[in-house]
Amino acid sequence: MNPDLIETGTAEAAPCDGSRRRFLSRLTMGLGAIAGALVAVPCVGFLLGLRKVPSAWRTVGKIEEFQIGGTVKVSFRDPSPLPWAGVTARTAAWLRRNSQTEFVAFAVDCTHLGCPVRWLAAANLFMCPCHGGVYYANGTVAAGPPPRPLPRYPVRIQGDQVQILTSPVPITT
Amino acid sequence: MQILKSIWGWFDDLTGVSSWLIPLAKHPVPHARRSAWFYVLGSATLFVFILQVVTGIALASGYVASAGEAYHTLAFISSTRFGSIVRGIHAFGASAMVILIGIHAIRVYLFGAYKYPRQIGWLTGVALLFLTLGMAFTGQLLRWDQTGFWTVVIAAYQAGRTPLVGSWLGHFILAGDTAGGATLSRFFALHVFFIPAFIFFFIGFHLYLVVQNGISEPPKAGRPVEPKTYRKWYEDLLHRDGIPFWPDAAWRDMVFGFLVIAVIVGLAITIGPPALGKPPDPTIIQASPRPDWYFLWYYALLTLIPRWSESYVIILGPLLLIVVLILLPFVAYKGERSPFKRPWAFAVVAFIVFMIAYFGMLGHVAPWSPRMNAPPLPASVVGVASGPIADGAIVFHDKGCEFCHAISGYGGIRGPDLTYAGDRITPEQMETRIYSGAANMPSYNGNITRQQLSDLLAFLSSRRRGPAAALPVSSSSQ
């Protein structure tokens, strides 16, 4: 490029003063920012739009399958799993039958950091393999780091079926 | 040959590549002499990053980032001969990159190379350090086996400790209410596009600054950095005593980089990639998630700090580390560079290395984790085949005591070793402890029958040095 041409151009533009240049540079940067925002808003909106899964009652078995005083693992599926979720659409819960009609369902996630707690039937305790959190059969903390009792899921009896209400992962805050 | 030369001449005439590439390659650098081998760590980190990009692209061409399929595609990749090697290179490369960037940062810190005018170089390096750790963390998740799945859940729980926005943040990590179909794709995009884009940017900036400000000369005790005169002095040094980067310095980068890559590939071929765990099925409760080695020390640290401080450390700990690393080049931007004039620099490095090694080893052993797969005590340990002592040994296992208390090498190490419990405590004391529990031990009040307790006390009391004494049975348990 010929530097003379630029110089000439500069000289000619000079009478128009700096305001035109100020306007043009602001226009350029402003349009860039607006274009960026036009693209960013839907992208960020998509990322922040967390998937809300509707709650639904899931049958986990017939009443008579559960022994009174017993705690067993039950599995159920997300109410609306994504088609590619595979096994991750499954959820587990610990279901305890207290009496003829009373059931309690506990989340398997330890309230300390979310590791899956195990039920020790002979010891009548839940134990977490990560940091040794222990819960009694009613979900209250028996020992170790958990700050709260095991979260419960709503349970109901429909006819002769036991049903659990699916819930979001109960993150301790 | 002549044809190649003329093609190059034509290309160079139209692009002017050699007019900046040759001066760039031959730019003078300080003659590091005995310290020269200290200057190969950054380039080795870069080589390993390129290795990760190449193997990562190869892996991505066989991997399906779907919560339901990823595990199977990894199993498929691992089942092919070269796929297994590529996975191995990527895994050992990840470890190498974390180690090399760590040692590089330590070298720069000890040499005081973060001082004027290289502060921004340090800051871009700090960004690269954390981005590398981000890659290590997200990479472990993409294995998407049982540990990968639970690592996401644990990360969400950790984020959950943030004040006010914790719950939202936790569910943001899960990409919704539950860890499911939407979760893995996020981490794939982070690991493959988002974080690497920032790494590319910061590497470019980092290298630009290395050329712009010049590579730091080896420090010398009694030669402090004086910002007012440093640039002039450095230029004179290059003039007086500089050597061209290519090839006088670059050959060392290549030799060391080659060794690093050869070792990584060698390990990948001989040892292979990390084994895949169980599938990421949340209903398989038999899971003991552990982080890969890079975060074991952090895992151990979080476990061992006082419980009340947990939420603060989870959130403020990493923040504080970032703030300290950012402030360093602004607070200590001039003065002595030599570590021999900054003895506390050695102390800081020794402290950090010791902490990572010590807590890392603790995290590897994880004494706080109950050994939930401990088998019932064998007859050779119990000593008798029937009677209260033998029954008590079964109670000891079934009630979960053994998961935390070891006897003769069997069982967990979370609680005190009870191999010689009978020598140390009386049955009455045992009974009190069993009934009342402790901070890390559940109370068995109402959770153990008289008979079980009596057997358990008989068993524990028989745990003595030398021949077992006659059965001391607690009167209160009769």
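Residues numbered from 1 in each chain as written. Chains lettered and ligands numbered in written order. Predicted model: local features only at pLDDT ≥ 70, side-chain atom pairs only at ≥ 80, totals over all residues. Heavy atoms only, no water.

Caption draft 1: Highlighting the overall build of chain A. Scanning chain A for helices and strands turns up two helices and 11 strands. Along chain A, from the amino end to the carboxyl end, the secondary structure elements read α-α-β-β-β-β-β-β-β-β-β-β-β. Rg of the C-alpha trace for chain A: 31 Å, well past the compact-globule value of 16 Å for 173 residues, more than 25% over. Expressed as lengths along the three principal axes of its C-alpha atoms, the size of chain A is roughly 95 × 40 × 25 Å. Taken over 173 residues, chain A has a buried fraction of 40%. A separation threshold of at least 6 residues defines the contact pool for chain A, and within that pool the share at least 24 residues apart is 48%. (Helix = DSSP H or I, 4+ residues; strand = E, 2+ residues; numbered from the N terminus. Rg over C-alpha atoms; globule rule 2.2 N^0.38 Å. Buried < 20%, exposed > 50% of the residue type's maximum accessible area, 1.4 Å probe, protein only. Contact = heavy atoms within 4.5 Å.)

Caption draft 2: Examining the sheet that holds strand S11 (residues 161-165) of chain A more closely. Residue and element names in this part refer to chain A. On the basis of which strands lie adjacent, the open sheet formed by three strands has the order S1-S11-S10 and antiparallel pairing. Two strands bound the open sheet, and with one partner strand each, they are strand S1 (57-62) and strand S10 (155-158). Sheet twist, expressed as the mean angle between neighbouring strand axes with direction ignored, is 35°. Relative to S11, S1 runs antiparallel, the two being bridged by five bridges. Bridge pairing links Thr59 to Gln163 in S11. (Pairing = 2+ DSSP bridges. Axes fitted to C-alpha atoms, helices over the stretch in contact; angles between N-to-C directions.)

Caption draft 3: Structural view of the environment of Ile173 of chain B. Residue and element names in this part refer to chain B. On the secondary structure map, Ile173 appears in helix H8 (residues 166-174). Overall, the relative accessible area of 21% leaves Ile173 in the partly exposed class. Sequence spacing of Ile173 and Phe49 is 124 residues, and the spatial spacing of their C-alpha atoms is 26 Å. Excluding residues within four positions of it along the chain, Ile173 makes contact with Val152, Ala155, Ala156, Ala159, Thr183 and Phe187.

Caption draft 4: Fine view of the domain arrangement of chain A. Assigned domains of chain A: these are domain 1 (3-48) and domain 2 (57-165). Here domain 1 of chain A and domain 2 of chain A have C-alpha centroids that lie 60 Å from each other. (Domains from an automatic or database assignment.)

Caption draft 5: Spotlight on the state of the cysteines. Scanning the model with the defined rule gives one disulfide over all chains in all. Each disulfide pairs two cysteine sulfurs, and for Cys115 of chain A the partner residue is Cys130 of chain A, the sulfurs being separated by 2.0 Å. Looking along the S-S bond of the Cys115 of chain A-Cys130 of chain A disulfide, the torsion reads about -90°, which is the left-handed sense. Of this pair, Cys115 of chain A sits in the loop between strand S4 (103-107) and strand S5 (118-120) while Cys130 of chain A is found in the loop between strand S6 (125-127) and strand S7 (134-136), placing the two residues 15 residues apart along the sequence. An identical accessibility class is assigned to Cys115 of chain A and Cys130 of chain A; each is buried. In this structure Cys401 of chain B is a free cysteine whose sulfur lies 9.0 Å from that of Cys404 of chain B, the closest cysteine sulfur available. Residue classification places Cys404 of chain B among the buried positions, given a relative accessible area of 11%. (Disulfide = S-S within 2.5 Å.)

Caption draft 6: Focus on the domain arrangement of chain B. Domain boundaries in chain B define domain 1 (29-365) and domain 2 (379-477). Spacing between the C-alpha centres of domain 1 of chain B and domain 2 of chain B amounts to 47 Å.

Caption draft 7: Focus on the interface of chain A and chain B. Counting from both sides, the interface comprises 56 residues of chain A and, opposite them, 61 residues of chain B. For the pair chain A and chain B, the summed buried surface comes to about 4800 Å²; carbon and sulfur atoms form 62% of the total. The largest share of the area that chain A buries against chain B comes from Leu113, Arg118 and Ile171 of chain A, three residues that together contribute 14% of it. Run the count over chain A and chain B and you get two salt bridges. Between Lys52 of chain A and Asp177 of chain B there is a salt bridge whose closest N-O contact spans 3.8 Å. Along the contact surface separating chain A from chain B lie 29 residue pairs in polar contact (both at pLDDT 80 or more). With four residues, strand S3 (residues 90-97) of chain A is the single largest residue contributor to the side of chain A that touches chain B. Its residues placed into classes, the side of chain A that touches chain B shows 35 nonpolar, 14 polar and seven charged. (Buried area = accessible area lost by both parts, 1.4 Å probe. Salt bridge = Lys/Arg side-chain N within 4 Å of Asp/Glu carboxyl O. Polar contact = N/O pair within 3.5 Å; in protein donor to acceptor, adjacent residues only side chain to side chain. Nonpolar A, V, L, I, M, F, W, Y, C, P; charged D, E, K, R; others polar.)

Caption draft 8: Just the pairing of S11 of chain A, in detail. Residues and elements named next belong to chain A. Judged by how many residues are buried, S11 sits mostly within the fold: four of five residues are covered. Direction of pairing for S10 relative to S11: antiparallel, over a ladder of four bridges. Note that in S11 the partner of Ile157 across the bridge is Val162. Between S10 and S11, which pair antiparallel one after the other, the connecting turn spans two residues, and Gly159 there sits at a positive phi close to 65°.

Caption draft 9: View of the nonpolar core. If you look at the biggest cluster of nonpolar residues, it comprises 55 residues, and the most contacted ones within it are Trp94, Val117 and Phe126 of chain A together with Tyr63, Trp144, Leu174 and Phe359 of chain B. Every element with two or more residues in this core is listed here: S3 and S4 of chain A together with helix H4 (70-79), helix H6 (119-142), helix H7 (146-159), helix H9 (181-213), helix H12 (293-304) and helix H14 (343-365) of chain B. Residues contacting Val117 of chain A, with those up to four places away along its chain left out, are Trp94, Ala107, Val108, Cys110, Phe126, Met127, Cys128, Tyr135 and Leu150 of chain A together with Ile285 of chain B. One finds Val395, Met430, Ile434 and Met441 of chain B within the second-largest nonpolar core, a separate group that totals 34 residues. (Core = buried A, V, L, I, M, F, W, Y, C linked by side-chain atoms within 4.5 Å.)

Caption draft 10: Main features of helix H1 (residues 2-15) of chain B. All names here are of chain B. Its 14 residues give H1 an end-to-end C-alpha distance of 20 Å, which sits within 8% of 20 Å, the value for a rise of 1.5 Å per residue. The buried fraction of H1 amounts to one of the 14 residues, a small share that puts the element mostly on the outside. Gly16 sits one or two positions beyond H1 and adopts a positive phi of about 70°. (Expected span 1.5 Å × (residues − 1).)

Caption draft 11: Focus on the packing of H6 of chain B against helix H13 (residues 310-331) of chain B. Residues and elements named next belong to chain B. Look at H6 against H13: their axes get within 8 Å of each other, and the N-to-C directions meet at 165°. Judged by the inter-axis angle, H6 sits roughly antiparallel to H13. The chirality of how H6 crosses H13 is right-handed. Seen from H6, the contacting residues are Gln119, Trp122, Leu123, Val126, Leu129 and Phe130; seen from H13, they are Leu321, Ile322, Leu325, Ile326, Leu328, Pro329 and Phe330. Of the residues in the contact of H6 with H13, the class split is 12 nonpolar, one polar and no charged. (Parallel < 35°, antiparallel > 145°, perpendicular 65-115°, else oblique. Left-handed = near helix turned anticlockwise from the far one by under 90°.)

Caption draft 12: Fine view of the environment of Arg33 of chain B. Residues and elements named next belong to chain B. With respect to the helices, strands and loops of the structure, Arg33 is situated in the loop between strand S1 (28-30) and helix H3 (41-60). Taking the C-alpha atoms as reference points, Arg33 and Ala65, separated by 32 residues in sequence, lie 49 Å from one another. Of note is the side chain of Arg33, whose polar atom sits 2.9 Å from the side chain of Asp241.

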